[in-house]
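Summary of the model geometry
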Amino acid sequence: MTTQEVRLCGLLLQEHFGNVVEKVGTHLIRSGVLTLRALAHETKLPLDLVKKSLCVLVQHGMCTFGAGRRGPAGPVEYRINCEHVFHMLRYPRYIYTAKSLYGDTGELIVEEILQRGHMTMSSTVKTVADRLTHNMPEGQSMDYSEVVSVFSQLVETHFLQRCPPLASAGSSSSGAVDTPLPVATQPTEPESHPDCYKLPYINLTGQGKRRRSSEDGEADQCCGDDDGIYWQVNFQRFHLHFRDQAIISAVSCKLDQSSSEIVRTMLRMSEVTTPAHAAFTQALSANEIFRALLSSYNIARPILDQYLSLLVDDPMEFVGKTGDSGGGMYVVNLHRALANLARATLESVVQERFGSRSARIFRLLLRKRHLEQKQVEDFAMIPAKEAKDMLYKLLSENLVQLQEIPKTPDYAPSRTFYLYTVNQLPTARLLLQHCYKTVGNLIERRLYETKENKRLLEKSQRIEAILASLQATGAEAAQLTEVEEMITVPERQQLESLRHHINKLDSSENQVDETIFLLKSYINSTQASL
């Protein structure tokens, strides 16, 4: 773990769970593996607080525990999963994706499970139905069966999965975290469990109820028989969806909407069957693609063949052809697509930081691989002095590398070729660390702004709560106006300015996270293909 990654993990843990969990989590990241007693001793925190912090981390899948170096008879050792900590950065995106695919019900299901780490199906259905009912007009309510239907769709498309069964009795979120366990608590991959996407048989009847309802007799309408079967969000499945959407958007920008819909259809046909780190999707014939195309696209079979030929011949190589049977067998080249998306990201960063001429040099080196300084000047059509300054600036930022090829063993400068080059993978790793640093700065700024205006924010929340209560009881307009005027005009202006700044910080954070996701996906894809 780099310094920037540890810092970002600490900020995310602090923002979501508080200072104590942040201290425990950060110390675990730096130490690697520790027992409960060692963790409490080194952090100088009370043993009870350390236990509760570990319970929170285990509940959200950010910490695993199992037999230590002394074997089953020794104390349990804990290890933090940094990747799952980084997932907190993407929680709003997961929730928004669920909303766009499955509506408000899907949004609330994913939101509830993310907030609690993992939940049983019956508990999730009841909580979501109650929340939806509370927001409905008086006299309307949400049936449990409708929530169950959306929950089932999320499981069928693998956005939700069962938590792996523990190897020992007792819940991982219980208080007895320091009880020795014979083996590790979780398999490496949840998919290794055969019932990972199998829905339990549950008898769910009834409707959600409003929070202010006093009908205690209906409190247990949701009778679940799924005790011990917990569900969690399948982050990997969401990441595959994000990757597919990035590819579709790139094809749409490069060619046209019809081409992107063809690629979308190919990705949809193989989204569940293609392994996570596969370099290609499964091969599909032109006939299969044509039958799977939605009729609203209005793409005839001859037009489809032309589009497929255009995609195969495109220099971006997003689509490849693997055979001629069935009118041709086609695949989406996932690794090539991610490499091109990462390349476009690097070029964009260089252009924003150093200008269009530096971006031209950077793009030239990416395509030509190795060039001498004179060749760079000629190909880029930039004056020698400017080209030299730009190359040295990019070299000082480690965006460009200099390779020496001597003619003789003595490395004499007069008999040595000096070639400039760009290594895309190391450059992507470098930019990824810059992105981690930027996100950390944005989170720190947001926390600072919130802390500085804490009193005003609390006052605004109290007044909003009073207004909501008065509106629910049918208060008069004059009374509502009187409560609203409790916030003065300068305070209202300060609140508007604060919200504007917070929204800008949130938007910037999401944009940087998109860059992190693309670069991380490209790095993982490259490592998997080696």
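Quantities reported herein were computed from a predicted structural model and do not represent experimental measurements.

What follows covers the pattern of salt bridges. Summed over all chains, the structure comprises 30 salt bridges. A salt bridge links Glu112 to Arg131; its shortest N-O distance comes to 2.7 Å. Taken together, the positions of Glu112 in helix α6 (residues 91-116) and Arg131 in helix α7 (residues 121-134) put the pair 19 residues apart, joining distant regions of the chain. A relative accessible area of 4% means that Glu112 is categorised as buried. Arg131 gets classed as partly exposed once you look at its relative accessible area, which sits at 22%. Salt-bridge contacts for Glu496 lead to Arg499; the nearest nitrogen and oxygen are separated by 3.8 Å. Separated by 3 residues within a single helix, Glu496 and Arg499 lie in helix α20 (residues 489-529), roughly one turn from each other. A relative accessible area of 34% means that Arg499 is categorised as partly exposed.

Attention now moves to unusual backbone geometry. With phi around 60°, Lys44 is a residue other than glycine that occupies positive phi space. Structurally, Lys44 can be placed in the loop between α3 (36-43) and α4 (47-59). Lys44 gets classed as exposed once you look at its relative accessible area, which sits at 71%. A positive phi is found at Arg369, a non-glycine position, where the angle reads about 75°. In this structure, Arg369 sits in the loop between α14 (356-368) and α15 (373-380).

A separate point is the side chain of His60. With respect to the helices and strands, the residue His60 is situated in the loop between α4 and β2 (63-68). Polar side-chain contacts of His60 include one of 3.0 Å to the backbone oxygen of Gln115. With residues up to four places along the chain from it excluded, the contact list for His60 reads Phe17, Leu114, Gln115, Arg116 and Gly117.

Next up on the list: the UniProt feature "domain: DNA-directed RNA polymerase III subunit RPC3 winged-helix" (unreviewed entry) in the chain. As recorded in UniProt, the feature "domain: DNA-directed RNA polymerase III subunit RPC3 winged-helix" (unreviewed entry) lies at residues 346-422. The distance from the first to the last C-alpha atom of residues 346-422 is 11 Å, and the span holds 56% helix and 16% strand.

Before going further, it helps to examine helix α12 (residues 301-313). In a regular helix each residue adds 1.5 Å, so 13 residues correspond to 18 Å; α12 covers 19 Å between its end C-alpha atoms and thus fits that length. What α12 keeps buried is the set Leu304, Tyr307, Leu308 and Leu311. Looking down the long axis of α12, one finds its buried residues gathered within 100° of arc, a one-sided arrangement. Seen from the open side of α12, the exposed residues pointing more than 90 degrees away from its buried face are Pro302, Gln306 and Asp313. Buried residues belonging to α12 abut α9 (235-254), α10 (257-269), α11 (286-292), β8 (319-323) and β9 (329-332).

All right, on to the packing of aromatic side chains then. Taken as a whole and assessed by the stated rule, the structure comprises 12 aromatic pairs. Centroid distance Phe159 to Phe238: 4.7 Å. Interplanar angle 55°. Geometry classified as tilted. In this pair, Phe159 is assigned in the loop between α8 (144-156) and β5 (160-162) and Phe238 in helix α9, connecting sequence segments 79 residues apart. With relative accessibility at 1%, the residue Phe238 sits in the buried group. Connected via pairs of aromatic rings, a cluster forms that spans Tyr91, Tyr94, Tyr102, Phe159, Phe235, Phe238, Phe242 and Phe517. Above the face of the Phe517 ring, Arg93 is positioned so that its terminal group lies 5.5 Å from the ring centre. The ring of Phe159 carries the charged tip of Arg237 above its face, separated from the ring centre by 4.5 Å.

With 103 residues, the main nonpolar core has Leu54, Ile109, Val110, Ile361 and Leu365 as its most contacted residues. Take this core: its biggest share by element is 10 residues, from α6. When residues no more than four places from it in sequence are discounted, the contact partners of Ile361 are Val376, Ala380, Ile382, Ala387, Met390, Leu391 and Leu394. If you look at the next biggest cluster of nonpolar residues, it comprises 25 residues, including Ile247, Val251, Ile262 and Leu293.

Let us now look at the sheet that holds β5. Strand order in the open sheet formed by 3 strands is β4-β6-β5, with antiparallel pairing between adjacent strands. Either end of the sheet is taken by a strand with one partner, and the two such strands are β4 (119-120) and β5. Direction of pairing for β5 relative to strand β6 (residues 230-233): antiparallel, over a ladder of 3 bridges. The partner of Leu160 across the bridge, within β6, is Val233.

Relative to the helices and strands, Phe280 resides in the loop between α10 and β7 (284-285). On the basis of relative accessibility, which here comes to 43%, the residue Phe280 falls in the partly exposed class. Here Phe280 is in contact with Thr274, Val331, Val332, Asn333 and Leu334, once residues within four sequence places are set aside.

About the criteria used
Residues numbered from 1 in each chain as written. Predicted model: local features only at pLDDT ≥ 70, side-chain atom pairs only at ≥ 80, totals over all residues. Heavy atoms only, no water. Salt bridge = Lys/Arg side-chain N within 4 Å of Asp/Glu carboxyl O. Helix = DSSP H or I, 4+ residues; strand = E, 2+ residues; numbered from the N terminus. Buried < 20%, exposed > 50% of the residue type's maximum accessible area, 1.4 Å probe, protein only. Polar contact = N/O pair within 3.5 Å; in protein donor to acceptor, adjacent residues only side chain to side chain. Contact = heavy atoms within 4.5 Å. UniProt positions renumbered as here; feature names shortened; annotations may be inferred. Expected span 1.5 Å × (residues − 1). Arc of directions from axis to C-beta. Phe/Tyr/Trp six-rings, centres within 6.5 Å; stacked < 30°, edge-to-face > 60°. Lys NZ or Arg CZ within 6 Å of the ring centre and 35° of its normal. Core = buried A, V, L, I, M, F, W, Y, C linked by side-chain atoms within 4.5 Å. Pairing = 2+ DSSP bridges.

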